[in-house]
Structures are given as C-alpha cells and as structure tokens.
Amino acid sequence: MMDIKEAILSNYKAKVFKSRKDHILDLASGQSAISANSRAVPGIMTNRGCCYAGCKGVVVGPLKDACVITHGPIGCGFYSWGTRRNKARSDDYGRNFIQYCLSTDMQEPDIVFGGEKKLRQAITEAVTLFKPEHIMICSTCPVGLIGDDIHAVASWAEKEFGVKCLAFSCEGYKGVSQSGGHHIANNGLMKKLIGSDDISPIGRFPVNLLGEYNIGGDGWETERILKKIGYDVVCVFTGDSTAKAIEKSHRAHLNLVQCHRSINYVAEMMNKAFGIHWLKVNFVGLKATVKSLKDIAQFFGDSDLIARTDEVIEQELDAIKEEMDLLTERLNGRKAAIFVGGSRSHHYQELLKDLGVETVLAGYEFAHRDDYEGRKVIGEIKEDADSKNIESLIVEPDKRYKAILSEARYQELKETIDLENYQGMIKDMENGAFVVDDLNHYETIEFIRFLKPDVFFSGIKDKFVIQKAGVLSRQLHSYDYSGPYSGFNGAVIFGRDLLMGLKAPAWRMITPPWAVNDPPNNPEAYRDLKAPEGSQALESRESLANIKPIESDLSSEAQHA
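Keep in mind that this is a model prediction, so the values were computed, not measured. (Residues numbered from 1 in each chain as written. Predicted model: local features only at pLDDT ≥ 70, side-chain atom pairs only at ≥ 80, totals over all residues. Heavy atoms only, no water.)

**A closer look at the sheet that holds strand E13 (residues 455-458)**
Here is the rule we go by: Pairing between strands requires that DSSP locate at least two bridges from one strand to the other. Helical segments are the DSSP runs of H or I of at least four residues, strand segments are the runs of E of at least two, and each set is numbered from the N terminus. Note on geometry: axes are lines fitted to C-alpha atoms, helical ones only across the stretch in contact, with angles between N-to-C directions running from 0 to 180 degrees. Every residue pair with non-hydrogen atoms within 4.5 Å of one another is taken to be in contact.
The sheet built from 6 strands is open, its strands ordered E1-E12-E11-E10-E13-E14 with mixed pairing. With one partner strand each, in any of the chains shown, strand E1 (24-26) and strand E14 (472-475) form the two edges of the open sheet. Pairwise comparison of adjacent strand axes, ignoring direction, gives a mean angle of 15° for this sheet. Taken together, the 4 bridges between E13 and E14 define a ladder with parallel strand orientation. Among the inter-strand pairings, phenylalanine 457 is bridged to a residue of E14, identified as arginine 474. Packing against the sheet, helix H19 (residues 441-451) makes contact with E1, strand E10 (335-340), strand E11 (358-364), strand E12 (434-436) and E13, and its axis sits at approximately 175° to E12.

**Section: the pairing of E11**
What counts here: A simple rule labels every residue: compare its accessible area, found with a 1.4 Å probe on the protein chains alone, to the largest value its type can have, and call it buried under 20%, exposed over 50%, or partly exposed in between. Here a crossover is taken to be right-handed if, once the strands point away from the viewer, the path from the first strand over the helix to the second is traced clockwise.
Across the 7 residues that make up E11, a large majority, 6, are buried. Here E10 pairs with E11 via 6 bridges, running parallel. Looking across to E11, one finds that lysine 335 is bridged to glutamate 358. Handedness of the β-α-β unit built from E10, helix H15 (residues 344-354) and E11 comes out right-handed. Pairing geometry for E11 and E12, over 2 bridges, is parallel. By the bridge assignment, leucine 361 is partnered in E12 with phenylalanine 434.

**Looking at the nonpolar core**
The line we're drawing: Definition of nonpolar core: a set of buried residues of the types Ala, Val, Leu, Ile, Met, Phe, Trp, Tyr and Cys, connected through side-chain atoms within 4.5 Å.
Counting 98 residues, the largest nonpolar core has Met136, Tyr231, Ile296, Phe494 and Leu498 as the members making the most contacts within it. Residues contacting leucine 498, with those up to four places away along its chain left out, are Leu331, Leu352, Val357, Val455, Phe457 and Leu472. Judged by nonpolar contacts, the second largest core, of 22 residues, contains Leu9, Ile24, Phe434 and Ile448.

**Considerations on a nonpolar patch on the surface**
The cut-off we apply is this: Only residues whose relative accessible area exceeds 30% and that take part in no salt bridge are eligible for patches, with like-charged residues grouped when within 9 Å of each other and nonpolar side chains (Val, Leu, Ile, Met, Phe, Trp, Tyr) grouped when within 5 Å. In these tables, accessible area is a Shrake-Rupley quantity obtained with a 1.4 Å probe, and a residue counts as shielded only by the protein chains included in the view. Between Lys or Arg on one side and Asp or Glu on the other, a salt bridge is scored when a side-chain nitrogen of the former is within 4 Å of a carboxyl oxygen of the latter.
A surface patch of nonpolar side chains, amounting to about 640 Å² of accessible area, comprises Ile111, Val112, Phe113, Leu145, Ile146 and Tyr173. Considering every element that reaches the nonpolar patch, the biggest residue donor is helix H5 (residues 108-113), with 3 residues. Looking at where valine 112 falls in the secondary structure, it is placed in helix H5.

**Brief notes about the packing of aromatic side chains**
As a reminder of what qualifies: Centre distance within 6.5 Å is the pairing criterion for rings of Phe, Tyr and Trp, where only the six-membered ring of Trp is used; planes under 30 degrees apart are then read as stacked, over 60 as edge-to-face, and the remainder as tilted.
Inspection of the entire model under this criterion finds 16 aromatic pairs. Summarising the aromatic geometry, the rings of phenylalanine 205 and tyrosine 231 are spaced 6.4 Å apart at their centres and angled 70° between planes, so their arrangement reads as edge-to-face. Placement of phenylalanine 205 in the loop between helix H9 (179-192) and strand E6 (206-212) and of tyrosine 231 in the loop between helix H10 (218-229) and strand E7 (232-238) is noted, with a sequence separation of 26 residues between them. Judged by its relative accessible area of 4%, tyrosine 231 is buried.

**Observations concerning the confidence of the model for the chain**
Note the threshold: Confidence of the predictor at the level of single residues is given by pLDDT, which spans 0 to 100.
For the chain, mean pLDDT is 90; residues scoring 70 or higher make up 91% of the total. In this model residues 525-561 is a low-confidence stretch, pLDDT under 50, and it forms 45 contacts with partners more than four residues away in sequence or in other chains.

Structure (structure tokens):
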C-alpha cells in the first residue's frame, strides 16, 4: 500500500503542496509537529469561520441578557444567528435575547457615507424595545474598511442610556480564522465585565465552566452533575449565561476549561489577575467525565466532596450501564473521522472509544499548534503578522488577587492533574491515525477513499459533500438537532443517534467511491484500494438494480385524481 499522505498531496501543484504538506500528520510515521493557525490556501474550499464568527457567533452570541448588535450587512448577522443551537432559558427577569437577530443592516449608502448614525439608531431602538443592561457591538468587514468608530459609539451609548456597552472590532478578515474572534471577545470580557460585581453571594466550592456554549443543552447536563455533587457554578462562559454572571466570575476558586482554543485567553488572564487556577476538563465521554470530576474534587481536597463525587459517579454509571453496553456491542469495530472546531475533535474521540469506535482521522478548523501538541510547544510558536493583528492584554495582579493554593499544594497537584496545562489532542490518538489541520473538501473525499470511515463527524459546510460520498456525517457543531451529548446521559443520546444514522436504510441506495470503476487523475494512488470486509456500505451499482420500487397503496384512479 502506498503512502496515503503522499498520494493525496501528489495531485496538488507545487505551491499548494508546499503549503499543505505540514498540515497533515501520519502518526504512524512518527511525525509530531504540525503547521496550524496559518491562512488557508486561496481557492480551496476551507470549512473555517471568520473572525466575526468567532467573536459574535461563538463567544458573546449565547449571552441571553445582552443585546448583541451586528454592525454590518444583514447577511453577516443572519449567518451567525440561530445556527449553533445555543439553548438558553429566560433569566430571573424574563430576558432571553438570543433568539433575536439584531443588525444595522448596512446598505451601499452606509458604506459610502459611514454607518455610525445607523448604529446609534439601532442602539436606541434596542434600548427602547428590550431595556437591556448590556449591549454588545460586533463589527464586520465593511466597518473595518470604512473606519466607523464603534468604540466611540459605545461610549456615547453608556452616557446616553446608562447601560454597559461593549464594542468588539472583530472584522471578519482579522486573523486567519474565527480563533482571532475568540481572542478579541475574551479581551473585551476581561476589560469590561469580569470583576465588576463583588456583592453577589457564592457557595463553598465555586467554579466557572469556561468554553461551554450549551449546544443542544450540553451545559445544562454538565451543570446538573456539578451541582448534584455540590459545586456552585458561578458562571458559564457563555452558554445559557448572562453578562451579570460574568461580572462576578472572578470570585470562583477554579476555572474548568472545556474548549481550550476559544477561552484559554480568559483562563490565563483570570489566573494572573485574580489568582484563579484553571483545569482542562472534558465532559464528553464516560471515562473522560469521570476523570474530570475526580480531578476537580482532588483540587479542592475536601474528603466529603471526594466521597460525594464517587457516589454520584457510581449512581450515574449504574443508571446508563444497560443501554451503554447494548450500544457498545452494536457499534464496536466501527471507524470514525472527526473534523470540527474548538476541542471537540479531541473530546469526541474519548466518547467514541467508550462505544468501541476507532478514530482514524481527526483535525481542527482553527486550532493552534498547542491544541494539537500541547502547551509545551507555545514557546516554539513564532508570532506572524496575522497574530499581531490581535491585541494581547498585559494583565497585572488585581487588588483582589488571592492565592487559592499554597505553593506546596500547587506543586503537588501539578504532578497529579493537568492543572493549568493542556497536553493536546495528539497524545490521545492511536499510532496509525491521521491528523489534519484546516481540512478541505478535496482532502476530505480523498481520505474517505483511503480510510473508509463508517461515519465522518463534521459541520454543515461539508456534511452533504461527505454523505454524497456514501458516508454518514453527523454534525458536531449543531448535533443535527439532537443533544445533549455531554456527561453520562449525553453519552447514551450520542450512541443512539450514531447507531440510528449508521443503520438508516438510505445507505443501501448509495454507491461508495471505492465501488466505482472510475479512478481519479492519479490511478496509481488507488491501485490497492478495495472495500473493507464487513463494510457498512453499500452495495455496488449492479446490486442497486435489484431494489424494487415502493408500491403505492393507492388505486390507479386515486393516483390519477
């Protein structure tokens, strides 16, 4: 069998080959360093989102008590509205604004003459209609090009209406992907919200849940487990959360980081400013959830809390054991590929492993090298011009800084749990798997030809490309209207959805790429390919001729009528 990476890259022209070769790792070859967070090759169908999508669509959009106004064309606002399924219940005052798409709807005259007047009008209308305590302005590409001063407008709004107004200069072209938007959003929250409330009471074991956006209700399931054990969840960044909760988040004793890439900036800044330690957790998968819960209890070191943690874990596992055993029996031996954003490409490998499913390929849309290789490589990453577009805040210890742990206790914990450390995705992957950064449509289809996964987890931009190739695709950005997938109950829901998709009779109607006798431009690369024994898919075209059409129960007269 020829080298798969070489076969896929061989169809590229020299310039594209040079750009893409370091973004693909074959772990069987011993490679460990990957190229990431660089601009996508022009003309290639990348699945990335823009800087604006990272700021508004991911981080600040899920806040339910803030009016988030997109300053730009209506298409940008519509693109980031309602697609990620951030669920939220109304707050104590009945506010829940995330179902609204607020935009200045900039037109050609606004681009020519400026849109600040229209932004002031939009803020005035939002205050009149919704009476929010917080307004957030997210700018898109045209705003940055014409020079509207959204920060001056935000200052005007605060004086005019007495609301807290945050402006995010998150024009889509900044940075190389939506990762830049995460950074900008984190900076804004740190400068304007975090640390504003010292009055609200907190419990004995206060924690923040960072990088949880409540897709399909994930955050609710995670919060349920944490509260059942006895933790006080001060704030969730930012699924089903509020700006008011963020204001008091500096009073937590531990930050739980679920999605490293989107929120690590806040975790690090809160550590420097307030002394709050952070712990990388994963509540996707049974073993991962158990480990995370035990690590959190170990951080606090309270014997009753540790005992309660073990008790809750036992209760939760017993409740789902029978169905999980059945799902594992039916899914065991399947193969999966995963290409999504955040930390999901890492997290879901743990859940798939619980179900007996092997991950043969995983990659990120907008990761940095430390997301793949761990934070140990941060010092090796060279800052380029794109990175310099994003402000890096210089954070000093706040007057409320408090050492939660003694130095001796801190060093002891560092030896046993991943305190203020993330070891990256690669360390948990099998030796024969592939890691691909910024995967495109061409590479997606080629890897399907070679690796023949039974399911490819991805997003909406390539879901149907994958399914037209004869392979089930489940969205891990919106869960295809299902969820939650986190925690113990979420593992069962995920297993049901996966089994349902794989067993759908529709796959008998599709011919897989490897069953068609029409090799691509480089037939030598596919000489050794054949359908795997016991493959989920998919009969050849000849067998499709034997499928009988569905007979109607209607009489010919009724059909004619």
